[in-house]
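# Descriptive analysis of the structure
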Amino acid sequence: MIASLRGTLIALAGTRVVIDVAGVGYAVAVTERHARDLRLGDSVRLHTALIVREDDMSLFGFADEVELGLFELLRTVSGVGPKSALGVLGAMTPDAIARAIAADDDAPFRAVSGIGPKTAKLIVVSLAGKLVAPTGAAPVESPAAPAAVTASLAAALTGLGWPERTALDAAAQVVEADPDAATTGLAVLLRRALSILGPARGRADGAGS
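Residues numbered from 1 in each chain as written. Predicted model: local features only at pLDDT ≥ 70, side-chain atom pairs only at ≥ 80, totals over all residues. Heavy atoms only, no water.

### A short note on unusual backbone geometry
The phi torsion of most residues other than glycine is negative, and most of the peptide bonds are trans. Counted only if it meets this: The secondary structure listing takes helices from DSSP runs of H or I that are at least 4 residues long and strands from runs of E that are at least 2 residues long, numbered from the N terminus. Note on exposure labels: buried denotes an accessible area under 20% of the residue type's maximum, exposed denotes more than 50%, and partly exposed covers the range between, all computed with a 1.4 Å probe on protein chains only.
Of note in the backbone geometry, Ala22 takes a positive phi value of approximately 50° without being a glycine. Tracing the backbone through its elements, the reader meets Ala22 in the loop between β2 (16-21) and β3 (24-29). Residue Ala22 is classed as exposed on the basis of its relative accessible area of 79%. In this structure, Asp104 is a non-glycine residue whose phi angle is positive, near 55°. When you line up the elements, Asp104 lands in the loop between α4 (94-102) and α5 (107-110). Classification of Asp104 by relative accessible area gives partly exposed; the value is 47%.

In C-alpha cells form, the structure reads like this:
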C-alpha cells in the first residue's frame, strides 16, 4: 500500500498532479483547495489512499492525516465513493464538515457537486457523533482534536488491513477512553486499538476483504 509520497511536483492539471519520486511519476488526485496552493517545482509530501478496483488503481493525496482520515470516514457512507469524498473535502474544510454534522445540517453537503440530497442526508446521519465540532474562536487544533485523532487513528488501522467500519469503531472507542488523546501520540493509541482488535486478525480480515 502506498501510504505517502514525497517528491517534486512536475505536472498540475485541475485536481490531478504528478509527483516525481526518485524518477518515477505518480499521478495523484487532490482536492481543489489543495491544488490551488500547489506550484510546479514544489517539493511536496502527500498522505495517500490507494483505491484498487478491478479495472483501475487510483491514488488520492492529502496535505495531512486529518484530511486523509476524513476521506476514509466519508467513504464509509453509502453512496459516497472516493471522487465524491474528495469533492466534499475540496469544498469544505474539516472544521466545516464537523460543524455541519454536529448541527445536523446537510445543506453544505448538498452544495457539493455530485452529492445529491439523499447522500447529503446520509453523510450527516452516518457520521453523527463521530466528529467533534469546534466551538467559539479557539484554534481549530484544540477543539477539533478528538475528531482529528479519531480520523488519523482510523486511517492507520485501515492501512494495516482492517475494514473501514471496524477501524472507525475501534478508533472512536480508544479516543473516547482517553481524555488526553490529543497529546498521547498516534503510536500509543494505535497499540491500544490493536490490543482491542488483535493485529493478526486485522491482517487476515484485510486480506479477505
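Having seen the structure, we can now continue with the description.
### Focus on the confidence of the model for the protein
Stated precisely, the cut-off is as follows: As a per-residue measure, pLDDT reflects the predictor's confidence and takes values from 0 up to 100. Only heavy atoms enter the contact rule, under which two residues are in contact if any of them lie within 4.5 Å.
Per-residue confidence for the protein averages 83 on the pLDDT scale, and 86% of its residues sit at or above 70. Low pLDDT (under 50) marks residues 136-144, which in the prediction has eight contacts with non-local residues, meaning those over four places away or in another chain.

### Some details on helix α2 (residues 65-75)
As a reminder of what qualifies: Two N or O atoms count as a polar contact when they lie within 3.5 Å, although within protein this holds only if one can serve as hydrogen donor and the other as acceptor, and sequence-adjacent residues are included solely when both atoms are side-chain atoms.
Of all eleven residues that make up α2, eight are buried, and the element is covered over most of its length. Within the span of α2, buried status applies to Glu67, Leu68, Gly69, Leu70, Phe71, Glu72, Leu73 and Leu74. Where α2 starts, the residue carrying a side-chain oxygen 3.1 Å from the main-chain nitrogen of Val66 turns out to be Asp64.

### Quick notes on the side chain of Thr119
One can find Thr119 in helix α6 (residues 117-127). Judged by its relative accessible area of 16%, Thr119 is buried. Apart from residues no more than four positions distant in its own chain, Thr119 is found in contact with Ser78, Gly79 and Val80.

### Observations concerning the environment of Val66
Mapped onto the fold, Val66 is located in helix α2. Relative accessible area serves as the criterion here: at 26%, Val66 is assigned to the partly exposed category. Separated by 84 residues in the primary sequence, Val66 and Thr150 place their C-alpha atoms 8.8 Å from one another.

### A word on helix α10 (residues 186-197)
Quick reminder of the rule: Each helix should span, by expectation, one fewer than its residue count multiplied by 1.5 Å.
Taking 1.5 Å as the rise per residue, α10 with twelve residues should run 16 Å; its terminal C-alpha atoms sit 16 Å apart, in good agreement. Directly beyond the C-terminal end of α10, a positive phi value near 90° is found at Gly198.

### Digging into the packing of aromatic side chains
What counts, and what does not: Stacked, edge-to-face and tilted are the three classes for Phe, Tyr and Trp ring pairs, Trp counted by its six-membered ring, which pair at centre distances within 6.5 Å; planes under 30 degrees apart are stacked, over 60 edge-to-face, the rest tilted.
Enumeration over the complete set of coordinates arrives at two aromatic pairs. Between Phe62 and Phe71, the ring centres sit 4.8 Å apart and the planes meet at 45°, which makes this aromatic pair tilted. With relative accessibility at 0%, the residue Phe62 sits in the buried group. Looking at Phe71, the relative accessible area reads 0%, which means it is buried. One aromatic cluster is present, formed by Phe60, Phe62 and Phe71 through successive ring pairs.

### Observations regarding the side chain of Thr31
Here Thr31 shows up in the loop between β3 and α1 (32-36). For Thr31, the contacting residues outside a window of four places in its chain are Thr15, Phe62, Leu86, Leu89 and Gly90.

### Some points on the sheet that holds β2
Hydrogen bonds between backbone atoms are what pair the strands of a sheet, whose relative direction is either parallel or antiparallel. In plain terms, the rule: DSSP calls a pair of strands paired once it identifies at least 2 bridges connecting them. Every axis corresponds to a line fitted to the C-alpha atoms, with the helix fit spanning only the stretch in contact, and the corresponding angles, defined between N-to-C directions, vary from 0 to 180 degrees.
Read around the closed barrel, the five strands follow the order β1-β2-β3-β5-β4; overall the barrel is mixed. With direction set aside, neighbouring strand axes in the sheet form an average angle of 55°. Across seven bridges, strand β4 (residues 43-53) lies against strand β5 (residues 56-62) in antiparallel orientation. Following the sheet pairing, Leu50 is matched in β5 by Leu59. Sheet strands touched by α2: β4 and β5. Its angle to β4, the strand with the most contacts, is close to 15°. Here helix α3 (residues 82-91) sits on the sheet and contacts β3, β4 and β5; the angle it forms with β5, its principal contact strand, is near 15°.

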